[in-house]
Amino acid sequence: MQHPRLARLEHGRGRSRPRPRAVPGPEYLWAAWEKTPGTMQLTLWALGRSGDHTARSSLAKRIRRSFTNDPADRYLAAAALGMLNDVPTMHTKLKEADPRENKNKDDIPEVRAACIYGFAFCLPSDSLYTILEKYLADADPRVRFMTCYTLGKLGTPKALARLADVAREAKALPDLRAAAMEGLAVSRDASVVPVFVDLAAAPDPLLRAQAADILGRIGGSGAMDKLVVLLADKDARVRAAAACSLAGLGTREALTKASVFVRDPSTDVDGQIAAFIGLGRSFSPEAVDILKPFAVDTKKAKR
């Protein structure tokens, strides 16, 4: 039996259709956050995804003052502005926190790092590279790292070439070289593999280990051959990183070479454990046959 109210509506005697609700704007979202503490991060992300450019003012305020005790909120506000591709507003906030750019000499590295992070969500362009490049020489290591990360996310030829130069520069700060390598890894561009192949022969064992780790993450032509060479490195940290990365590639040839490595009596325990971790990350069914003999060996603690 039909409900009486539905019957009246069908015959035109009921109330008119309700008006469709408008898409929630920034004011609605901020009001929802204020009434329900704990939803700040969802609100910031929603403002960026909404495509509503009237949210720029509210988001820009949260970069300078997050109004919460969570540092992530500052970064999320910048990311939301980046999703709106609001480069001018973020550039203004960046200069306000840079003592080299503002009259008050305000030095706020947290704001600089957040703004630079936000640029990673903007549409790639050479103008962004021009804004970011000088912050590779920033006094704060957090800002330098975030600059390398964002340049890698932009992935433009200029940005990747600059990161490669920094990574190869022997006189550069160690943390800056490491950050440049991570920025190149973030790009996941096949053209950066030769950079890590070269760095895998660097005098510093930490750089060699990091290069081995990244080669495993991005793969590419020449990665496996270099990782096999690093299995015989004189530094245990490099051997472990190479073993984990080689096994993690998951190809049949890489797994075969990893199997030879873990079964070699001269291989140290740390190297074997690193290879086991890589085999697990490979998600390859063929890794089971390599792991099984060690897993059932009750005489070995490493099982």
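As shown above, the structure is provided for reference.
Presented here is an overview of the structure given in this document. (Residues numbered from 1 in each chain as written. Predicted model: local features only at pLDDT ≥ 70, side-chain atom pairs only at ≥ 80, totals over all residues. Heavy atoms only, no water.)

**Quick look at the overall build of the protein**
- In terms of helices and strands, the protein carries 18 helices and zero strands.
- Taken over 303 residues, the protein has a buried fraction of 45%.
- Within the structure as shown, the protein displays about 16900 Å² of accessible surface, and the carbon and sulfur contribution to it stands at 55%. (Helix = DSSP H or I, 4+ residues; strand = E, 2+ residues; numbered from the N terminus. Buried < 20%, exposed > 50% of the residue type's maximum accessible area, 1.4 Å probe, protein only. Areas by Shrake-Rupley, 256 points an atom, 1.4 Å probe, with all protein chains shown as cover.)

**Considerations on the packing of aromatic side chains**
- Enumeration according to the criterion identifies four aromatic pairs in this entry.
- Each ring, one from Tyr 117 and one from Phe 121, has its centre 5.3 Å from the other, and the planes form 75°; the classification is edge-to-face.
- By relative accessible area, Phe 121 is classed as partly exposed at 30%.
- With a centroid separation of 6.1 Å and an interplanar angle of 25°, the aromatic rings of Tyr 117 and Tyr 149 are classed as stacked. Here Tyr 117, found in helix α7 (residues 109–119), pairs with Tyr 149, found in helix α9 (residues 141–154); they are 32 residues apart in sequence, far enough to count as distant.
- Through a chain of ring-to-ring contacts, three or more aromatic side chains come together here, namely Tyr 75, Tyr 117, Phe 121 and Tyr 149. (Phe/Tyr/Trp six-rings, centres within 6.5 Å; stacked < 30°, edge-to-face > 60°.)

**Description of the side chain of Arg 144**
- Position of Arg 144 among the secondary structure elements: in helix α9.
- Here Arg 144 is in contact with Tyr 135, Leu 136, Asp 138, Ala 139, Leu 173, Asp 175 and Leu 176, once residues within four sequence places are set aside. (Contact = heavy atoms within 4.5 Å.)

**Here's the deal with helix α17 (residues 269–282)**
- Taking 1.5 Å per residue as the helical rise, α17 with its 14 residues ought to reach 20 Å, and the 20 Å between its terminal C-alpha atoms agrees with that figure.
- Among the residues of α17, those classed as buried are Gly 271, Gln 272, Ala 274, Ala 275, Phe 276, Gly 278, Leu 279 and Ser 282.
- Here the buried face of α17 lies against α15 (236–249), α16 (252–263) and α18 (287–295).
- In this structure Asp 268 caps α17, since a side-chain oxygen of it lies 3.3 Å from the backbone nitrogen of Asp 270.
- Where α17 ends, the next residue or the one after it, Phe 283, has phi of about 55°, a positive value. (Expected span 1.5 Å × (residues − 1). Polar contact = N/O pair within 3.5 Å; in protein donor to acceptor, adjacent residues only side chain to side chain.)

**Topic: a nonpolar patch on the surface**
- A contiguous nonpolar patch, built from Val 269, Ile 273 and Ile 277 and spanning about 220 Å² of accessible area, is present on the exposed surface.
- Secondary-structure assignment places Ile 277 in helix α17. (Patch = residues over 30% accessible without salt bridge, like charges linked within 9 Å, V, L, I, M, F, W, Y side chains within 5 Å. Salt bridge = Lys/Arg side-chain N within 4 Å of Asp/Glu carboxyl O.)

**Describing the nonpolar core**
- If you look at the biggest cluster of nonpolar residues, it comprises 83 residues, and the most contacted ones within it are Leu 59, Phe 119, Leu 151, Met 181, Leu 184 and Phe 196.
- With residues up to four places along the chain from it excluded, the contact list for Leu 151 reads Tyr 129, Leu 132, Leu 136, Ala 159 and Leu 163. (Core = buried A, V, L, I, M, F, W, Y, C linked by side-chain atoms within 4.5 Å.)

**Topic: the pattern of salt bridges**
- All chains considered together, the criterion is met by 19 salt bridges.
- We note a salt bridge from Asp 138 to Arg 112, for which the minimum N-O separation is 3.0 Å. Remark: Arg 112 occurs in helix α7 and Asp 138 occurs in the loop between α8 (126–132) and α9; sequence separation between them is 26 residues. Exposure class is identical for Asp 138 and Arg 112. Each is buried.
- Among the ionic pairs, Glu 182 bridges to Arg 217, the shortest N-O distance being 3.1 Å. Pair noted here: Glu 182 is in helix α11 (residues 174–187) and Arg 217 is in helix α13 (residues 205–218), with a separation of 35 residues, a long-range link.
- Judged by relative accessible area, which is 36%, Arg 217 ranks as partly exposed.
- Within the structure, one salt-bridge network assembled from shared partners comprises Asp 98, Arg 100, Asp 107, Arg 112 and Asp 138.

**Section: the environment of Lys 234**
- Checked against the element boundaries, Lys 234 lands in the loop between α14 (223–230) and α15.
- Its relative accessible area of 78% is what places Lys 234 among the exposed residues.
- Note: C-alpha distance between Lys 234 and Pro 205 (29 residues apart in sequence) is 9.0 Å.

**Quick word on the packing of α9 against helix α10 (residues 157–168)**
- Packing of α9 against α10 brings their axes to within 8 Å, and their N-to-C directions diverge by 140°. As far as their axial angle goes, α10 and α9 are oblique. The chirality of how α9 crosses α10 is left-handed. Contact residues: Cys 148, Leu 151 and Gly 152 in α9; Ala 159, Leu 160 and Leu 163 in α10.
- Counted by class, the contact of α9 with α10 contains five nonpolar, one polar and no charged residues. (Axes fitted to C-alpha atoms, helices over the stretch in contact; angles between N-to-C directions. Parallel < 35°, antiparallel > 145°, perpendicular 65-115°, else oblique. Left-handed = near helix turned anticlockwise from the far one by under 90°. Nonpolar A, V, L, I, M, F, W, Y, C, P; charged D, E, K, R; others polar.)

**Concerning α16**
- Taking 1.5 Å per residue as the helical rise, α16 with its 12 residues ought to reach 16 Å, and the 17 Å between its terminal C-alpha atoms agrees with that figure.
- Listed as buried for α16 are Ala 254, Leu 255, Ala 258, Ser 259, Phe 261 and Val 262. Here the buried residues of α16 occupy an arc of 160° about the axis, which is enough to place them on one side. α16 presents Arg 252 and Val 260 as exposed residues on the side facing more than 90 degrees away from its buried surface.
- Buried-residue contacts for α16 involve α14, α15, α17 and α18. (Arc of directions from axis to C-beta.)

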